[in-house]
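Topology and contacts: notes
Single-letter residue listing:
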Amino acid sequence: MGGSGGVPGGAREWVDTLVIGAGQAGLATSHWLTKAGLDHLVVERRGRLGGGWNDRWDGFCLVAPNFTVLLPGMPYAGPDPDGFMSRAEVVDHVTEYAAAIGAPVRLGTTVTRLAASDDHLVAYTGAGTIHARNVVLATGPYQRPNVPAASLHLPGRIQQLHSHEYRRPGRLAAGAVLVVGTGQSGTQIAEELHEAGRDVHLAVSRCFAAPRRYRGRDTIWWMLQILLHGADVGHPFPTVADLPTPAARFGCDPHLSGKDGGHDIDLRRFARRGMHLYGRLESLDEWGYPRHVRGVTTHPGLYAVGLPWLHSEPSSVFAGIGADAAHIVEHIAGRRIGRHAGRTRS
Ligand SMILES: Cc1cc2nc3c(=O)[nH]c(=O)nc-3n(C[C@H](O)[C@H](O)[C@H](O)COP(=O)(O)OP(=O)(O)OC[C@H]3O[C@@H](n4cnc5c(N)ncnc54)[C@H](O)[C@@H]3O)c2cc1C
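Thresholds applied
Residues numbered from 1 in each chain as written. Predicted model: local features only at pLDDT ≥ 70, side-chain atom pairs only at ≥ 80, totals over all residues. Heavy atoms only, no water. Disulfide = S-S within 2.5 Å. Helix = DSSP H or I, 4+ residues; strand = E, 2+ residues; numbered from the N terminus. Buried < 20%, exposed > 50% of the residue type's maximum accessible area, 1.4 Å probe, protein only. Pairing = 2+ DSSP bridges. Salt bridge = Lys/Arg side-chain N within 4 Å of Asp/Glu carboxyl O. Axes fitted to C-alpha atoms, helices over the stretch in contact; angles between N-to-C directions. Contact = heavy atoms within 4.5 Å. Expected span 1.5 Å × (residues − 1). Polar contact = N/O pair within 3.5 Å; in protein donor to acceptor, adjacent residues only side chain to side chain. Patch = residues over 30% accessible without salt bridge, like charges linked within 9 Å, V, L, I, M, F, W, Y side chains within 5 Å. Areas by Shrake-Rupley, 256 points an atom, 1.4 Å probe, with all protein chains shown as cover.

Here we take up the state of the cysteines. Counted according to the given criterion, the structure contains 1 disulfide. Between the sulfur atoms of Cys 207 and its disulfide partner Cys 252 the distance amounts to 2.1 Å. One quick way to see it: the torsion about the S-S bond of Cys 207 and Cys 252 is about -55°, and its sign makes the bridge left-handed. One end of the pair, Cys 207, is in the loop between β10 (200-203) and β11 (213-214); the other, Cys 252, is in the loop between α4 (219-229) and β13 (256-257), and 45 residues separate them in sequence. The exposure class of Cys 207 is buried, given its relative accessible area of 12%. Owing to a relative accessible area of 33%, Cys 252 belongs among the partly exposed residues under this scheme.

Given below as structure tokens:
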């Protein structure tokens, strides 16, 4: 297959091991490769180091305390082990790590395709091909923003952005803000917007809460003890083999914040302070039907008739349409009576 798909006239180089991605995972791999005396190259599509931390918002702080920053060869040794590095500090820390371990990083190099050749692998980049006996994928866990389908149905005048693009409250258009999802990004961004005086509506997902501190220690300190010493006392940290389903790999991390020295994130407290909480954001169901019970949709005043199995098998044919239509008209009439009754009362 030679250089097919490569850049015409582009360079063709050989390395023993190619690491794709210079975030903390790629750099930690580089550290151990160097220790083992193995030739390698780390390529990174960004023009700067710091990996995915560059994508966090301006006010971001680590969620796990600094004492968890245990990069091989350079565990955190700064003055504030119980603190939470800011975005800029984490980016700097990862950048310093690359220098400290002498990682052979080539920035601004995107691998666009990876192919197998006879006894090696070929990585295609904008500048040519890199041939390697081993390739390590360290391209990060949060590659592509996950945007709910409901976003497609929102009017174009509403500014929409993923948390990767969010930077600070002042960058959002004026008016109320709907934050979708209560993972670690959603809850912290909602809190920041609320504190900035924005009218915040929060669509809550399934993620769970955890106390920031337990028995005088950060919750993550306890988790770290299980990771480091659990096996010694018969409670090893779970591995992927212990998970109930493959989907469980993508479960949530607990609601916690490292902002202002670290604190709990409590959705009930958000509500008490005036944030509006809702359930999960949903649009049409997966079959394109509005969410409904016998044609009465979840949106007040919106009805559907004539859909297959709206209520029963004949719902979409002559024989069944009449009964379904009568049902929704009864509902419509009921709303009318309710409205008039409301007027009379007022
Ligand atoms: C809100 C939030 C809070 C978090 N808090 C913590 C915390 O407190 N502590 C903690 O340890 N973790 C935390 N995390 C998780 C942490 O951000 C990630 O686990 C970590 O950044 C992953 O490192 P990585 O090296 O695997 O990936 P990344 O940091 O994403 O690095 C991957 C690199 O690969 C590069 N790349 C991708 N594709 C290519 C390609 N085709 N060619 C070349 N280069 C490529 C990317 O540009 C990127 O720089 C948090 C995450 C979020 C969202």
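It is worth spelling out the sheet that holds strand β5 (residues 105-106) at this point. Judged by pairing direction, the sheet is mixed, and its 6 strands sit side by side in the order β5-β2-β1-β8-β7-β6 without closing on themselves. Each edge of the open sheet carries a strand with a single partner, namely β5 and β6 (111-116). Pairing between strand β7 (residues 121-125) and strand β8 (residues 128-137): 5 bridges, direction antiparallel. Across the sheet, the residue bridging to Val 122 is His 131, located in β8.

Let us now look at the pattern of salt bridges. The final tally for this structure, using the stated rule, is 8 salt bridges. In this structure, Asp 218 and Arg 212 form a salt bridge, with 2.9 Å as the shortest nitrogen-oxygen distance. Judged by its relative accessible area of 7%, Asp 218 falls in the buried class. One salt-bridge network, held together by shared partners, links Glu 44, Arg 46 and Asp 55.

On to the sheet that holds strand β15 (residues 276-278). The sheet built from 3 strands is open, its strands ordered β9-β10-β15 with parallel pairing. Across the chains shown, the open sheet's two edge strands, defined by having one partner strand only, are β9 (177-180) and β15. Strand-to-strand, the axes of this sheet are offset by a mean angle of 20°, without reference to chain direction. In the sheet, β9 pairs with β10 via 4 bridges, with the strands oriented parallel. Paired with Leu 178 across the bridge in β10 is His 201. Set on the sheet, helix α3 (residues 184-195) makes contact with β9 and β10; between it and β10 the angle comes to about 165°.

What follows is about the pairing of β6. Bridge count for β6 against β7 is 5 bridges, and the pairing is antiparallel. Among the inter-strand pairings, Ala 116 is bridged to a residue of β7, identified as Leu 121. Connecting β6 to the antiparallel partner β7 that follows it, the hairpin turn spans 4 residues.

Turning our eyes to something else, we now look at helix α1 (residues 24-35). Compared with the 16 Å implied by 1.5 Å per residue over 12 residues, the 16 Å span of α1 between its first and last C-alpha is a close match. Those residues of α1 lying buried are Gly 26, Leu 27, Ala 28, Ser 30, His 31 and Leu 33. Elements that come into contact with the buried residues of α1 comprise β1 (11-20), β2 (40-43), α2 (87-100) and β5. Looking at the residues trailing α1, positive phi occurs at Gly 37, about 70°.

Within the fold, Ser 205 resides in the loop between β10 and β11. Polar side-chain contacts of Ser 205 include one of 2.8 Å to the backbone nitrogen of Thr 182.

On the surface, a nonpolar cluster with roughly 440 Å² of combined accessible area is contributed by Met 223, Ile 226, Leu 227, Leu 228 and Phe 237. Mapping Leu 228 onto the fold places it in helix α4. Judged by its relative accessible area of 47%, Leu 228 is partly exposed.

A few words now on the side chain of Thr 187. Among the secondary structure elements, Thr 187 is positioned in helix α3. The class for Thr 187 is buried, based on a relative accessible area of 0%. At 2.8 Å, the side chain of Thr 187 forms a polar contact with the backbone oxygen of Gly 183. Thr 187 has contacts with Gly 181, Thr 182, His 255, Ile 265, Leu 267 and Phe 270, leaving out every residue within four places of it along the chain.

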